[in-house]
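Listed below, chain by chain, are the residues.
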Amino acid sequence: MSRSSRRGHRKVAAVALAVSAGLFVSSCADSGNGGGSGDAPDSGSGLSIGPVNEQSGEGDAVKGGTLTFSGYSAVTNLDPAKTQIAGSVAGSELGAIYDTLLRYDPASKEFVPKLAESMEPSSDFKTWTLELRDGVKFSDGTPVDSAAVSASLNRYVTNKGPQSSLYASKIASVDTPDASTVVFNLVDPWTGIESLLSTGPGMIVAPSAQQGDQFTPIGAGAFTLEKFAPNEELILDAREDYFDGAPNVDKLRLISIVGSQSTTESLKSGGTDVAYMRSLPNVLDLIDSGYPGFVDIPSLSYLSLVNTAPGRPGADVRVRQALALATDPVALDNRLNEGKGLPGQVIFQDTSRWHNDVAPIGVDTAKAKQLLDEAKADGFDGKITYLTLQENSAQAMALALQSMANAVGFDFQIEYVNSVADVVKRLYADRDFDMATGSANLAEADPFERLYSNLKSGGRNNATSFSDPEIDSLLDQLGVATSNDAKIEVLAKIQERANEVVPWQVYGSTPWLGVWGQNVHGIQQSLDGIMFFDKAWKN
């Protein structure tokens, strides 16, 4: 495998197949012996991060109608303090109800105000001052003031929202010197607060939303709740009194169609106006068919997790190293995706702004055998069980990994479960697995948060129980880095250390596509695939 291939240098950024809730698998044939290989064939898609099939001559916005959005997974909870917020999970749906304080503009690679008027740091990045817009109201008519923002953030932490641990570790106190000003006093210099306020914590819940045990979704977004049938549909009505003007459409219908092909067919037939897609064949089909949209490629989005807890095979670093050295991502991609993916072992491929020149661990089956033999000599029986979905493409991926691992001496066994929920429970609740399909999905805006949550010793989202003092120290350094150059420097050191301690089995990256019909306009992109519809319209 050439150095350029190992680094993930490709002319295009189309990537491997994906299945629901961020757990990625691929269809494949038998993968051979996992030896090194040359550069993967170029994909004809030419995907890269950014807009595709851009529209022009849109004309004046048309008022009225219903906009139908098919999300990646069904919404089951309307409380942003009690659900993960991302483009693939409730982000666009809840963003319509609550808005966010800030929005990430992927075109400019900057955070811009949304509910907020401005957000400015002190010279040392230890104090951030947020100014709220005048006259913004929740849908119950009460003001979005500093007290409401502070109360909503406190509620998020009290309810142990997904990002609450990071928030609590970084923010020492919050001051509200007047009704329009919120001052965040940080423990250390930190730029990631902008990212935080563009997702779940930045979705401000009205004080009246929580009445005892009863929660009502009352926010400051452009839409209000009409109907919520969990796992079926969410119907939202446009707010005439929205601070940035009444939305163009009268209603939003938010659904989740099972299966990417079914979603594609619905979009083409006009049954769906906007969709969030992660299946490579359907992504390429829609782009080739001229559908406009936006492509993003999160890092660490195609990998396997290895449990490092005591008593598990992965507790021995030699086992993790042997697995990585035995698995050739380029060979996987050639067999699984006809060479149309973006295979590699690095954390940040060259499609990412955070890419560095540190080479990955590489593919070396002889060294993999040596390390595995050493582990066996110390008592390891060679058995490792891989947890994945009972689904055709997931099964094929598992068999490909099994072939490569067994070729160097592993007894690689496969355990299938019926749903993504089963996988998530085994990983994050029970911690009952040796190795499993998974992803980390590091956002281009700021990779720190998910690196921290996935790698920090003792972290709530650290499903693998991974712990390494050097990685912990590097994460702390990344957290206080305030320039992109400084962050890239630390991220290069994290890559170097990851090559040694192998916290994941990395196979490449995979894209998402926010896509809409030619008659749809005004969709705004934000962080992590979240889309906003307050300016959207149909002709």
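By convention here, each chain's residues receive numbers from 1 onward along its written sequence. With the structure being a predicted model, the display of local features is reserved for residues of pLDDT at least 70 and the display and counting of side-chain atom pairs for 80 or more, all residues being used for whole-chain, interface and lining totals. Processing note: side-chain calculations cover all non-hydrogen atoms of the structure and skip hydrogens and water entirely.

## A few points about the overall build of the protein
As a reminder of what qualifies: By definition, any uninterrupted DSSP run of H or I lasting at least four residues is a helix, any uninterrupted run of E lasting at least two residues is a strand, and each is numbered from the N terminus. For the radius of gyration, the atom set is restricted to C-alpha positions; the globular benchmark scales as 2.2 Å times the number of residues to the power 0.38. Relative accessibility decides the category of a residue: with a 1.4 Å probe and only protein chains considered, values under 20% of the type maximum give buried, values over 50% give exposed, and everything between is partly exposed. For this analysis, residues touch if any pair of their heavy atoms sits within 4.5 Å. Surface accessibility in these figures is a Shrake-Rupley result with a 1.4 Å probe; residues are shielded only by whichever protein chains are displayed. Charge counting treats Lys and Arg as positive and Asp and Glu as negative, with His and both chain ends excluded. Charge coordinates come from a single atom per side chain, which is NZ of Lys, CZ of Arg, CG of Asp or CD of Glu.
Along its length, the protein carries 15 helices and 26 strands. Over its C-alpha trace the protein gives a radius of gyration of 23 Å, about what one expects of a compact globule, namely 24 Å for 539 residues. Here the C-alpha coordinates of the protein stretch approximately 70 × 50 × 40 Å along the principal axes. Here the protein holds 539 residues, and the buried ones make up 58% of them. Put simply, 72% of the contacts in the protein that link residues at least 6 apart link residues at least 24 apart. Total accessible area computed for the protein in this model is approximately 19,400 Å², and 45% of it derives from carbon and sulfur atoms. Distance from the positive charge centre (43 side chains) to the negative charge centre (67 side chains) of the protein: 3 Å.

## Structural notes on the confidence of the model for the protein
Formally: Residue-level confidence of the predictor is what pLDDT reports, using numbers from 0 through 100.
Residues with a pLDDT of 70 or more make up 91% of the protein, whose mean pLDDT is 88. A low-confidence stretch, residues 1-45 (pLDDT under 50), is modelled with 175 contacts involving residues beyond four sequence positions or located in other chains.

## Concerning the pairing of strand β4 (residues 110-113)
Quick note on the threshold: Here a strand pair is declared whenever DSSP counts at least two bridges between the two strands.
Relative to β4, strand β3 (residues 102-105) runs antiparallel, the two being bridged by 4 bridges. The residue bridging Tyr-104 from the neighbouring strand is Phe-111, located in β4. Here β3 hands over to β4 after 4 residues, with Lys-109 in that stretch at a positive phi of 60°.

## Let's talk about the sheet that holds strand β18 (residues 383-389)
Reading across the sheet, the 6 strands line up as β17-β21-β16-β20-β18-β19 and stay open at both edges, with mixed pairing between neighbours. Across the chains shown, the open sheet's two edge strands, defined by having one partner strand only, are β17 (342-343) and β19 (411-417). Relative to strand β21 (residues 504-509), strand β16 (residues 302-306) is paired through 4 bridges, and the arrangement is antiparallel. By the bridge assignment for β21, Tyr-302 is matched with Gly-508.

## A look at the layout of surface pockets
Under the convention used in this document: Cavities and pockets were defined on a 1 Å grid built over protein atoms only: a cavity is a set of grid points that admits a 1.4 Å probe from which the probe cannot escape, a pocket is an open set flanked by protein on both sides within 12 Å along at least five of seven lines, and lining residues are those with an atom within 4 Å of any such point. Grid points are joined across faces, edges and corners, and a volume is the space filled by probe spheres set on the points. Ten residue types, Ala, Val, Leu, Ile, Met, Phe, Trp, Tyr, Cys and Pro, are classed as nonpolar, four, Asp, Glu, Lys and Arg, as charged, and the remainder, Gly among them, as polar.
Looking at the second largest pocket, its volume works out to about 330 Å³. If you list the elements that add at least two residues to the lining of the second largest pocket, you get β1 (50-52), β3, β15 (293-296), β23 (520-521) and β24 (524-525). Across the lining of the second largest pocket, the residue classes tally to 9 nonpolar, 6 polar and 4 charged.

## What to know about the sheet that holds strand β6 (residues 127-132)
We apply this condition: Between the N-to-C directions of two axes lies an angle of 0 to 180 degrees, each axis being a line fitted to C-alpha atoms and, for a helix, fitted only over the stretch in contact.
A sheet is described by the order of its strands in space; here 4 strands give the open sequence β5-β6-β8-β7, paired in antiparallel fashion. Where the open sheet ends on each side, the last strands, each with one partner, are β5 (116-121) and β7 (171-178). Adjacent strand axes in the sheet meet at a mean angle of 15° when their direction is disregarded. The pairing of β5 with β6 spans 5 bridges and is classified as antiparallel. Of the residues in β6, the one forming a bridge with Met-119 is Leu-130.

## Let's talk about the side chain of Ser-304
How we decide: Any pair of N or O atoms that falls within 3.5 Å is considered a polar contact. Within protein, one atom must be able to donate a hydrogen and the other to accept it, and sequence-neighbouring residues count only if both atoms are side-chain atoms.
You can see Ser-304 is positioned in strand β16. Separated by 2.9 Å, the side chains of Ser-304 and Tyr-507 make a polar contact.

## Quick notes on the pairing of strand β2 (residues 66-70)
Among the 5 residues in β2, 4 count as buried, and that is most of the element. Taken together, the 5 bridges between β2 and strand β13 (residues 251-255) define a ladder with parallel strand orientation. Along β13, the bridge assignment pairs Leu-67 with Leu-252. Both β2 and strand β14 (residues 274-277) contribute to a ladder of 2 bridges, which runs parallel. Residue Ser-70 lies in a different strand from β14, and its bridge partner there is Ala-275.

## What about the packing of helix α6 (residues 260-269) against helix α7 (residues 280-288)?
We apply this condition: Reported orientations rely on four angle classes, namely roughly parallel under 35 degrees, roughly antiparallel over 145, roughly perpendicular from 65 to 115, and oblique for the rest. Each crossing gets its hand from how the near helix is turned against the far one by less than a right angle, where anticlockwise is left-handed and clockwise is right-handed.
Between α6 and α7, whose axes approach to 9 Å, the crossing angle comes to 15°. Classified by the angle their axes make, α6 and α7 are roughly parallel. As for the relative orientation of α6 and α7, their crossing is right-handed in sense. In contact with Ser-260, Gln-261, Thr-264, Leu-267 and Lys-268 of α6, α7 contributes Asn-282, Asp-285 and Leu-286.

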